[in-house]
Amino acid sequence: MSVNVIKELPNNTYGKQESLKVIVFADEFIHDFKPIEKVYPSILLPVVTLPLLDYLIENLIRSRVQTVYLYYSSSLNKAKITDSIKHFQDKNIIIIPIQLNDSGSLGDALRDIDTNGCIRDDFILIRGPVFANIDLRTLMDLHRVRKEKDKNVVLTMVLRNLGNIKDSALKNESTLVVSTANTRRILHYKKLNSNEKKIKLELQWFLDHDNVHINTALFDTRIYVCSQSVLPLFADNFDFQTMEDFIRGVLINEEFLDSRIYWEPLIYPTYALPITSWKAYKILSRDILQRHCYPLVPDTLPLSLRNFIYLPKIIYKHSSSILSKGCTLHSASLVGEHSTLGKNSFIKRSVIGPSCNIGKNVHINNSYLFSYVQIEDNCEVTNSIIFSNCFIEKDLKITDCIILDAIKCSKNHSNALIGISDWDIEHMKEPLSDCDSNFATILTENDHDIDSDEDASLSSSLSSASSSPSLKDSSPPPAFQDDHEMFLSEVIDSLLRGYQDKLKCENLILEINSSRYAYNISIRQVSYNVIKAILNLSLLHYNSISKISLSSNNAEYYKILKTMLNFFKPIIVNYIKTPNAQEDCLRAIEDVASSSQELILPYVLNLLHFFYDNDILFEEKIIEWYEQDCDDIQDTSQDCDSDNEDCLKQESKKNIARAIRNTVAPFIKWLREAEEDSSTSS
Amino acid sequence: MVSLADDKIHESVLNLAKSINYGDTKGTYEIVVATVDVLKDIITNTKWSRAKNLMDTIILNGKHLIEAAPLEASIGNMVRRILQIIREEYSLELKNKTDENDPQESLHKILTSEGDQNMDFMKIVPSLKSALLEHINEFETELETCAENITQQASEHIHSNEIIMTLGRSRSVEQFFKKAAETRTFEVIVAEGAPFLDGHEMAANLSKACIKTTLISDVAIFAMMSRVNKVIIGTHTVMANGGLRALTGSHTVAQAAKHYSVPVMVLLPLYKLSPLYLCLYEQHAFNKHVSPLQGVISTNNTAVMENSQSYNPVFDYVPPDLVTLFISNTGGNAPSYIYRLLGELYHRDDYEL
């Protein structure tokens, strides 16, 4: 009888609602959280002794979510994920782990989900390692109410108001959010750089809306309430790679896509924080200890954490932990299950994970120890994060370190081993630490008890972490490059098809535009690549013909080139409109000419003439280009191919540039004369 | 919570633990009713032949519930109450049996008769189950009428033109005032009960019932106390010594009342009376610390959030010497009388489960 009573309660309160579906992405797709991803998927990172995922799912259970789709990419260990969700089996929640096939981005993943078709209703999307104690049901209700008023709402973002974050550790996360004050419809959403001093506001926002709310203290919690139209939007716009792309794309094309984005503040007194860096990790750990995220705190969680005793000064002690005589738990600390502290050890603002063994006279300050860490007598650990199964020999001082899994720090090579790199100094500043210190990675050679390949992977991860500032600078260009090449080949393909099937040029323009969005290419790059594509196409065509009929010669090529240019004239005219585009066009001609000298070089003059006759290129531009110094050319062309250019290559390029200029000299001369003529006649 | 062997725990107990944890079952009264329901379910639906077996199962399941919700002392109270009922019924049934054999009761027999302590509860008493269920049903009706019994006494304690102070919102106090307002005119001062500010709702409800109500901030409690005739508050639990575990701010109110010699009355439905003492070292079982974001510090002030430590305890301990009178469903009692009430309600062996 009583069972009925209890089971009915949730149904009575939420009976009207259908099941709530939540998609959780275990992957961030952006890896700036070093060096964690080598050891754990970031969603399994232990925060105050429990993996983050546990907190997340606990919150989902509290929100009475029935079904959770847990997507993880193939890079994650399947066993780890399934292991970590095993103990939720007996709760009233169904967790469906789904492995994504090689999707490199959130956009791809969502497109996968769209094609799978398991979600045909509004859903909640949680991206990456997020900690939250928000009632998702209320969020969904708010979203539905909003949807009744405005059918075109696609997304409700959950933003947390941080207030003044000038001195905060989360400063770098600030975004500019412009929204209407009463409905919270987002008009503009942009992540701010910390060094940005000015922001541009558009007049239109103020003309269109009575009350505009501008805020830079709102913080994306990475929880999104999505209408069912989000998935088709992702499917249609395959240039949406990240959630930021999506938001930007939807906001720019608001009219065209007919969809709007709203935001919702965190409802008092809830808490949410995505863990994007060690800094955020630290803030979250501290906030959990300080019970800001009640009821997800150690001593009230109905998980295995239950036996914690909460003492004054924010100290949590597991009832099975052993504290020897003279131990001090100073403040804001936690001692986990079966951990032992030796005599006279001193713990301050630290988390000691489960089954750790701390020796005598150990000072641990502002540090996080995961499980099974062993620290011998007289050590000092400050501002560090020590992963599971580490061993620290006695009398060691460890400051500002992140020590990865199963590393043995021993004394005899401690000085050589513990190199402190200045990795991300700014990033890691500790607002709460006594000394203004920072984290750094520990560059250790591992002890011999760790087998060599693991050794290699660890040290590589460490070195990549330590060199991350330089990595960050150089990593975007390769991706950039790929996109460009892909775009070029795509354009060549569509042009070839268009030429062979005699398609209308307008359609081809549309096709090029869509691939432009797909690869996120700037307009200047488009004009450059289109010209390049047309010229390359003529080359390709000529090559294929010359293979069939051996009697072809350069004159034949010119014929092909001319017919092609005539055919594609509308496209060229469409793209080459501005002076900048003309510059790009000339650059493209030059580049193609330099790549296949024997064919195009003689015809550059004819090409220019053709462009000039058709009013595509203006004479001032041509002359300007001609007069450009060959050295300058090098600089301008560097934007497009910044690969390693050694001196030889540069030299040859300069030669080609000179050769090109020589060939076109008569044309330039003619141009100049014509100009003089016109000026004298007028 | 996981420490106990889960397979032996009754399913309905697990469900109740879950629903208390996830906030589906809220409020002491609801929890009490649900607990009694679950225990009754165990009595009817599990196999037992001897009273001893039944008591063991109930203790096992009860312990699980208590561990799942350590703050809800009333769960433990109900478990103890049911155990007491079993003891009573068992000895009664046994007596009925023996009485048939030997109806004569002599003084000598009473003196030499074995006390309850020595009873082993191992005898099979077939009629025990039905007797138990009957008794528990009676107990359930007692629970239902509990609140009403307390409000019935309102006119005895509240007199005309009195000024009465209360803190925060308590449903029983609200009913108490409303009942008194039917026959008397009096004035109520409601302290808002920061940080949860339930007092606002309380004040609104009282003024709707045409009671002259003043809402004050907690800092004004002492200032206002001088003109108050009586303090009436609710409580979460009453400890074995008569001390209260009540809403934060109750201690302030009680101290101020002591200073001005204002009587403090506490409404006490008997299911809130717990045979436990406050132990300083087990704060976790005594107080509940919720998020400081609930009214202590503002959510949108990172500077404060990052650089301060803040606490938000839900309960205050009010020592028994600050309480004048408990108004329970059986009548008014002084704190010094609590031990007697405890003795009536629970068996001494069950204090420690």
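Residues numbered from 1 in each chain as written. Chains lettered and ligands numbered in written order. Predicted model: local features only at pLDDT ≥ 70, side-chain atom pairs only at ≥ 80, totals over all residues. Heavy atoms only, no water.

Counting secondary structure elements, chain B contains 14 helices and ten strands. By principal-axis analysis of the C-alpha atoms, chain B measures approximately 70 × 50 × 35 Å. Every one of the 353 residues in chain B was classed for burial, and the buried ones make up 52%. Relative to all contacts within chain B whose residues are 6 or more apart in sequence, the contacts with residues 24 or more apart total 80%. Accessible area for chain B stands at about 16,000 Å²; split by element, carbon and sulfur atoms hold 51% of it. (Helix = DSSP H or I, 4+ residues; strand = E, 2+ residues; numbered from the N terminus. Buried < 20%, exposed > 50% of the residue type's maximum accessible area, 1.4 Å probe, protein only. Contact = heavy atoms within 4.5 Å. Areas by Shrake-Rupley, 256 points an atom, 1.4 Å probe, with all protein chains shown as cover.)

Helix and strand content of chain A: 23 helices and 34 strands. Each of the 682 residues in chain A was classed as buried or not, and the buried ones make up 54%. Summarising the internal contacts of chain A: among those between residues at least 6 apart in sequence, 60% fall at separations of at least 24. Summed over all atoms, the accessible surface of chain A reaches about 30,200 Å², with 50% contributed by carbon and sulfur.

For the rest of this paragraph, the subject is the domain arrangement of chain B. Quoted interface sizes are often the accessible area lost when the parts come together. All names here are of chain B. Segmentation of chain B into domains returns domain 1 (4-148) and domain 2 (152-350). With centres defined by C-alpha atoms, the gap from domain 1 to domain 2 works out at 30 Å. Listed as interface residues are 21 residues of domain 1 and, on the opposing side, 26 residues of domain 2. Taken together, both faces of the contact between domain 1 and domain 2 bury some 2,000 Å²; the carbon and sulfur share is 56%. Three residues, Leu 71, Arg 80 and Cys 146, lead the burial of domain 1 against domain 2; their summed loss comes to 31% of the area buried on that side. (Domains from an automatic or database assignment. Buried area = accessible area lost by both parts, 1.4 Å probe.)

Further remarks concern the sheet that holds strand β8 (residues 153-161) of chain A. Residue and element names in this part refer to chain A. The mixed open sheet is built from seven strands, whose spatial order is β5-β4-β1-β6-β12-β8-β13. Edge positions in the open sheet fall to β5 (94-100) and β13 (260-265), since each of these has one partner strand only. Between one strand and the next, the sheet's axes are offset by a mean angle of 25 degrees, whatever the strand orientation. By the bridge criterion, six bridges tie β8 to strand β12 (residues 218-226) in an arrangement that is antiparallel. (Pairing = 2+ DSSP bridges. Axes fitted to C-alpha atoms, helices over the stretch in contact; angles between N-to-C directions.)

Residue and element names in this part refer to chain A. The full count for this structure, using the stated rule, is 18 aromatic pairs over all chains. Centre to centre, the rings of Phe 131 and Tyr 271 are 6.0 Å apart; their planes meet at 75 degrees, and the pair counts as edge-to-face. Taken together, the positions of Phe 131 in strand β7 (residues 130-132) and Tyr 271 in the loop between β13 and β14 (272-274) put the pair 140 residues apart, joining distant regions of the chain. Tyr 271 carries the same exposure label as Phe 131, and that label is buried. Between the aromatic rings of Tyr 281 and Tyr 368, the centroid separation amounts to 5.5 Å while the plane-to-plane angle is 80 degrees, which identifies the pairing as edge-to-face. With a gap of 87 residues between them, Tyr 281 in helix α10 (residues 278-289) and Tyr 368 in strand β25 (residues 368-369) connect regions that are remote in the sequence. Each of the two residues, Tyr 281 as well as Tyr 368, counts as buried. Here the aromatic residues Tyr 281, Tyr 368, Phe 370 and Phe 387 are joined through ring pairs into a cluster of three or more. (Phe/Tyr/Trp six-rings, centres within 6.5 Å; stacked < 30°, edge-to-face > 60°.)

Take the sheet that holds strand β10 (residues 186-191) of chain A next. Residue and element names in this part refer to chain A. Within the open sheet, the three strands sit side by side as β10-β9-β11. Their pairing is antiparallel. Every other strand in the sheet has two partners, leaving β10 and β11 (212-215) as the edge strands with one partner each. Across the sheet, the mean angle separating the axes of adjacent strands is 5 degrees when strand polarity is ignored. Strand direction decides the pairing type here: strand β9 (residues 175-180) and β11, joined by four bridges, are antiparallel. Residue Val 177 lies in a different strand from β11, and its bridge partner there is Asn 215.

Moving on to the pairing of β9(A). A large share of β9(A) lies buried, amounting to six of its six residues. Where β9(A) folds back on β10(A), the antiparallel hairpin that results is connected by five residues, among which Arg184(A) adopts a positive phi of roughly 60 degrees.

This part covers the environment of Asn606(A). Residues and elements named next belong to chain A. With respect to the secondary-structure elements, Asn 606 resides in helix α20 (residues 604-613). On the basis of relative accessible area, Asn 606 is assigned to the partly exposed category, the value being 25%. Considered as a pair, Asn 606 and Ile 392 are 214 residues apart in the sequence and their alpha carbons are 75 Å apart.

With 90% of its residues at a pLDDT of 70 or more, chain B has an overall mean of 87. On the interface metric, ipTM, the complex scores 0.85, and its pTM is 0.71. (pLDDT = per-residue confidence, 0-100.)

Right, let's get into the pattern of salt bridges. Residue and element names in this part refer to chain A. For the coordinates displayed, the defined rule picks out 21 salt bridges over all chains. Its salt-bridge partner being Lys 147, residue Asp 122 comes within 2.9 Å of it at the nearest N-O pair. Placement of Asp 122 in the loop between α4 (106-116) and β6 (123-127) and of Lys 147 in helix α5 (residues 136-149) is noted, with a sequence separation of 25 residues between them. (Salt bridge = Lys/Arg side-chain N within 4 Å of Asp/Glu carboxyl O.)

Once that is clear, we can look at the environment of Leu45(A). In this structure, Leu45(A) sits in the loop between β1 (21-25) and β2 (46-47). Once the C-alpha coordinates of Leu45(A) and Ile81(A) are considered, the two residues, 36 residues apart in sequence, prove to be 12 Å apart.

All names here are of chain A. Over its 15 residues, helix α15 (residues 505-519) runs 21 Å from end to end, which matches the ideal 21 Å to within 8%, given 1.5 Å per residue. The complete set of buried residues in α15 reads Cys 505, Leu 508, Ile 509, Ile 512, Ser 515, Arg 516, Ala 518 and Tyr 519. Positioned one or two residues after α15, Asn 520 has a phi angle of 55 degrees, which is positive. (Expected span 1.5 Å × (residues − 1).)

Moving on to the environment of His87(A). Structurally, His87(A) can be placed in the loop between α3 (78-86) and β5. Taking C-alpha positions, His87(A) is 9.4 Å from Asp54(A), a pair spaced 33 residues apart along the chain.

The omega torsion of the bond from Tyr294(A) to Pro295(A) falls at 10 degrees, within 30 degrees of zero and hence cis. When you line up the elements, Pro295(A) lands in the loop between α10 and β15 (308-311). Of the consecutive residues Ala194(B) and Pro195(B), the connecting peptide bond is found in the cis state with omega at 0 degrees. Along the chain, Pro195(B) turns up in the loop between β2 (187-191) and α9 (198-208). One non-glycine residue with positive phi stands out, namely Arg291(A), at about 65 degrees. Tracing the backbone through its elements, the reader meets Arg291(A) in the loop between α10 and β15. Positive phi outside glycine occurs at Leu197(B), with the angle close to 55 degrees. Looking at the secondary structure, you find Leu197(B) in the loop between β2 and α9.

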